[in-house]
Amino acid sequence: MSADRPAGVDPAPEAAPGANGRRRRGGGRREQPVVPDAKFESYYGRPVVKASPWKPDIPTYFFAGGLAAGSSLLAAGADLTGRPALRRVSRVSALASVGVSLYTLVHDLGRPARALNMLRVVKPTSPMSLGTWSLTAFGPAAGVAAVAELAPTLERKLPVRLRWAARLLGWSARPAGLAAAAVAPMVGTYTGVLIADTATPTWHEGQRELPYIFAASAATAAGGLGMITTPVSEAGPARRMAAIGAAVDLAAEYRMETSLGVVAETLHDGRAGQLMKASKVLTAAGAVGGMLFGRRSRIAAVASGAALVAGSVCTKFGIFEAGQASAQDPKYTVVPQRQRMDRGGSHGAVST
Amino acid sequence: MKLPFDLPLNQSFEAGPEGPAVDAGWTEPPSRKGFFTDTSICIGCKACEVACKEWNGVPQDGIYELLGSSYDNTGALGASTWRHVAFIEQRKPLGGERTGVAEPEAAAPPVDLGMPSFSRPGESGDGERSEFRWLMSSDVCKHCTDAACLDVCPTGSLFRTEFGTVVVQDDICNGCGYCVPACPYGVIERREGESGVKNVGIAQKCTLCYDRLGAGKTPACAQACPTESIQFGDVDELRERARQRIRKLHEAGVTDARLYGADPDDGVGGAGAFFLLLDEPEVYGLPPDPVVTTRDLPAMWKRAAVAAVGLAATAVAAFIGGRR
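Residues numbered from 1 in each chain as written. Chains lettered and ligands numbered in written order. Predicted model: local features only at pLDDT ≥ 70, side-chain atom pairs only at ≥ 80, totals over all residues.

Colleague: Looking at this structure, how should I read the overall build of chain B?
Modeller: Helix and strand content of chain B: nine helices and 10 strands. Looking at the 324 residues of chain B, the share that counts as buried comes to 52%. Sequence-distant contacts in chain B: of pairs separated by 6 or more residues, those separated by 24 or more amount to 67%. (Helix = DSSP H or I, 4+ residues; strand = E, 2+ residues; numbered from the N terminus. Buried ≥ 20, exposed ≤ 12 C-beta atoms within 10 Å, placed from the backbone. Contact = placed C-beta atoms within 7 Å.)

Dropping the structure here:
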């Protein structure tokens, strides 16, 4: 193999008349690169890997699934510690957000009518398979716990001979809520593995941080929603959950942005960059505001909670968009692989 | 750290020495089948693209688009492109490269094929015409030994055939799209289009003509290739043939020649469909160091377990760490 690059037409986007080279420059590149652009070759600037075909359904699901997980944990804690208002809204929020999750997941399928094919197999090599199974366990449990909030009303409204049904529902509330909370950490975390287990550069390179970011973002969202919907006297656990989540989220995001090398550009540029910046500002402001004023003022609690929820939305959409952008530019596939080979970490796919 | 996840995950997700078919549970399968695509004798006729479309009933995916990339208006592999011929124009002498299946001879002078030049005669001022070569390469699904698309498929639609190839079961795929970003080569894709288009909404890619293989036939693309640039056969034998071809090309002075995907120690455990290239892989749109993403999955699950425990601990701390 000759080491020298042949002189000739450079198929990099600048030299090649490929249409894609021009299109992808429109995305708001503003930064002055600290290091000069890494040189790389490509086939007319076209992507090497394919971006996922996923629509905004999927980042919406990442947010909703996290919110469902965090809310069911808050609901279980509130149930066990005697905080009825926090328990009620958290159970309802867990059911509503798991409902949104299921809708978005089915809606994004190329063949929604075949959604149940997800339950044909159990595959540890497929995070989507294990995730679907965890949602399958979580959904009904969260549903029973939420519907059981209606048990006292039902008991009053039902004819006497049917009241046993309402009482049964009431009794099942705690076991169902605890069952949902037991699965919740998996529901809120596996999505970080799901996207890391791809060839999409930003997601795969972010494999060290993504499970932590997604788990923390779940805590932030659920805590934020608890602060909005619960009187301040009962919202202490929501505030603390959100604060811990926000701290871990910001730390893990910082580590991701500083450890990804050239691929980190996708977290700073374009729409993804704006979303990630918004996520950091909203998460930090919401956490600080909640801890300082969340106990004293309901208005401050609602504002801080809304910022935290919005911050979690921005995190999920930002990481999603950054991954899509990283797959659409061959630079983020080729350059890190070349660097890995230059470091001696791999001999690549070429042999003689 | 000992985690419950250690139990199922200590086993490797990668194929064993018996080959991918045995690893997938086939008992006494036929020998592993694959392609050796020798791009040094590809003439860019696209017979493979046409034969594949015709045999497999692959719908059209854009008829009149001009991509401005030499003679390639196909663009890339995708849901409705299972063979893709790349064209790369370079200022480089042809060397001993010749069309046809004849072996190159070191002493043979370069053959003028009448290909276009970047400069007209005399234009460069020194009386010499600039030199030119055309790289053509027919790309295809690699049918990886360790296939990410198959690993991540949540429905079991993607499966390992008895021939060691990777095939989508059209009647099972629900179009979740997970295999698309998982493939390190950007091969598999979900077919988009109006309802009524064949297999719309589900993942599609080369099957290595599973139906033809079952009948003892050669895949359509290899059958149609007029120069035997696409060679079909047992992977072991094809690898040996490829090594011999490389040796001959190097002896003939074509030092650019190299194999891509033929090494069982590469990031995907070796490709069932591998290539002889005349330049770096990325020039052809191929990743220089593809790695099956599931190689890192056990480590990812362990991190997720730690994060999940952390999330549960956060909830506990939120309730016990304070007054109200």
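Anyway, onward from the coordinates.
Colleague: Any chance you could explain the overall build of chain A here in plain terms?
Modeller: Assigned secondary structure in chain A consists of 13 helices and one strand. Along chain A, helices and strands appear, N-terminal first, in the series α-α-α-α-α-α-α-α-α-α-α-α-α-β. Across the 352 residues in chain A, those meeting the buried criterion constitute 57%. For chain A, contacts bridging at least 24 residues in sequence account for 77% of all contacts bridging at least 6.

Colleague: Help me understand the environment of B:Arg83, please; the structure alone is not making it clear to me.
Modeller: Inspection of the secondary structure puts B:Arg83 in strand β2 (residues 83-90). Once you skip the residues sitting within four places of it in the chain, B:Arg83 turns out to touch B:Cys48, B:Glu49, B:Cys52, B:Ser138, B:Val140 and B:Cys221.

Colleague: I keep staring at the sheet that holds strand β1 (residues 350-351) of chain A and nothing clicks. Help me out?
Modeller: For sheets, the rule is that strands pair by backbone hydrogen bonds, running either parallel or antiparallel. One open sheet accounts for five strands, arranged β1(A)-β9(B)-β10(B)-β1(B)-β8(B); its pairing is mixed. For this open sheet the edge positions go to β1 of chain A together with β8 (230-234) of chain B, each flanked by a neighbour on one side alone. For strand β1 (residues 33-38) of chain B and strand β10 (residues 273-277) of chain B, the ladder comprises four bridges, and the chain directions are parallel. The residue bridging B:Phe35 from the neighbouring strand is B:Ala273, located in β10(B). The sheet contacts of helix α8 (residues 235-251) of chain B involve β1, β8, β9 (258-260) and β10 of chain B, and relative to β8(B) the element is tilted by about 135 degrees. (Pairing = 2+ DSSP bridges. Axes fitted to C-alpha atoms, helices over the stretch in contact; angles between N-to-C directions.)

Colleague: Would you explain the interface of chain B and chain A in this entry?
Modeller: Note on interface size: it is often stated as the accessible area lost on association of the parts. On the chain A side, the residues contacting the 82 residues of chain B number 85 residues. Of all the elements in the fold, those that place two or more residues in the side of chain B that touches chain A are α1 (6-9), β2, α4 (148-152), α5 (179-182), β6 (189-190), β9 and α9 (297-320) of chain B. Examining the composition of the side of chain B that touches chain A, we find that 16 residues originate from one element, α9(B), more than from any other. The residue inventory of the side of chain B that touches chain A, partitioned by class, reads 43 nonpolar, 21 polar and 18 charged. Across two bridges, β1(A) lies against β9(B) in antiparallel orientation. Opposite A:Ser351, over in β9(B), you have B:Leu259 as the bridge partner. (Nonpolar A, V, L, I, M, F, W, Y, C, P; charged D, E, K, R; others polar.)

Colleague: Would you mind going over unusual backbone geometry with me for this structure?
Modeller: Despite not being glycine, A:Tyr44 has its phi angle at roughly 55 degrees, a positive value. Assignment of secondary structure puts A:Tyr44 in the loop between α1 (19-23) and α2 (57-81).

Colleague: What should I look at first to understand the packing of α2(A) against helix α3 (residues 84-108) of chain A in this one?
Modeller: Packed helix pairs are characterised by how far apart their axes lie and by the angle those axes make with each other. Residues and elements named next belong to chain A. In the contact formed by α2 and α3, the axes pass within 7 Å of each other and the chain directions differ by 155 degrees. The angle between α2 and α3 places the two elements in the roughly antiparallel class. For the element pair α2 and α3, the recorded crossing hand is left-handed. (Parallel < 35°, antiparallel > 145°, perpendicular 65-115°, else oblique. Left-handed = near helix turned anticlockwise from the far one by under 90°.)

Colleague: Help me understand the confidence of the model for chain A in this model?
Modeller: Low-pLDDT portions of the prediction should not be read for the details of their coordinates. Looking at chain A, the pLDDT average stands at 90 and 89% of residues meet or exceed 70. With pLDDT under 50 throughout, residues 1-33 of chain A is counted as low confidence; its partners more than four residues away or in other chains account for 56 contacts. (pLDDT = per-residue confidence, 0-100.)

Colleague: Help me out: how do you make sense of helix α8 (residues 210-229) of chain A in this one?
Modeller: Helical geometry: 3.6 residues make up each α-helical turn, so side chains three or four residues apart lie on a common side. For α8(A), with 20 residues, the first-to-last C-alpha span of 28 Å sits near the 28 Å given by 1.5 Å per residue. Counting buried positions along α8(A) yields 19 of 20 residues, so the element is predominantly enclosed. (Expected span 1.5 Å × (residues − 1).)

Colleague: Would you mind showing me how to read the environment of B:Leu208 here?
Modeller: Residues and elements named next belong to chain B. Take leucine 208: it is sitting in the loop between β7 (203-204) and α6 (210-214). In this structure, the C-alpha to C-alpha distance between leucine 208 and threonine 165, residues 43 residues apart in sequence, is 7.1 Å. Not counting the four nearest positions on each side in its chain, leucine 208 is found in contact with Lys33, His143, Phe163, Thr165, Leu213 and Pro219.

Colleague: How should I be thinking about the packing of α2(A) against helix α9 (residues 236-259) of chain A in this particular structure?
Modeller: Residue and element names in this part refer to chain A. Relative orientation of the contacting elements α2 and α9 amounts to 140 degrees, with a least axis distance of 11 Å. In this view, α2 runs oblique relative to α9, as classed from their interaxial angle. The two elements α2 and α9 meet at a crossing, and its hand is right-handed. Contacts between α2 and α9 involve Gly70, Leu74, Gly77 and Ala78 on the former and, on the latter, Pro237, Ala238 and Met241. Here the contact of α2 with α9 is composed, by residue class, of five nonpolar, two polar and no charged.

Colleague: Is there a simple way to think about the confidence of the model for chain B in this case?
Modeller: All names here are of chain B. Scored by pLDDT, chain B comes out at a mean of 87, with 82% of its residues at no less than 70. Taken as a whole, residues 1-11 scores under 50 in pLDDT and shows nine contacts with residues more than four places along the chain or in a different chain. This stretch, residues 96-101, has a pLDDT under 50; its non-local contacts, to residues over four places away or in other chains, come to 19 contacts. Confidence metrics for the complex model read pTM 0.88 and ipTM 0.89.

Colleague: I tried to follow the nonpolar core on my own but got confused; where do I start?
Modeller: What tends to happen in soluble globular proteins is that the nonpolar side chains get buried as a cluster. Ranked by internal contacts, the top residues of the largest apolar core, which has 188 residues, are A:Ala142, A:Ala180, B:Cys149, B:Cys179 and B:Cys183. Sorting elements by how many residues they give to this core places helix α6 (residues 163-196) of chain A first, with 14 residues. Setting aside its immediate chain neighbours within four residues, B:Cys149 contacts B:Leu158, B:Val166, B:Cys179, B:Ala182, B:Cys183 and B:Ile188. (Core = buried A, V, L, I, M, F, W, Y, C linked by C-beta atoms within 7 Å.)

Colleague: Hey, could you run me through the pairing of β2(B) in this one?
Modeller: Moving residue by residue along a regular strand, the side chains alternate between the two faces of the sheet. All names here are of chain B. Taken across its eight residues, β2 has six buried, putting it largely inside the fold. Summarising the sheet, β2 and strand β3 (residues 133-140) pair through eight bridges and their orientation is antiparallel. Residue pairing across strands places glutamate 89 opposite tryptophan 134, the latter belonging to β3.

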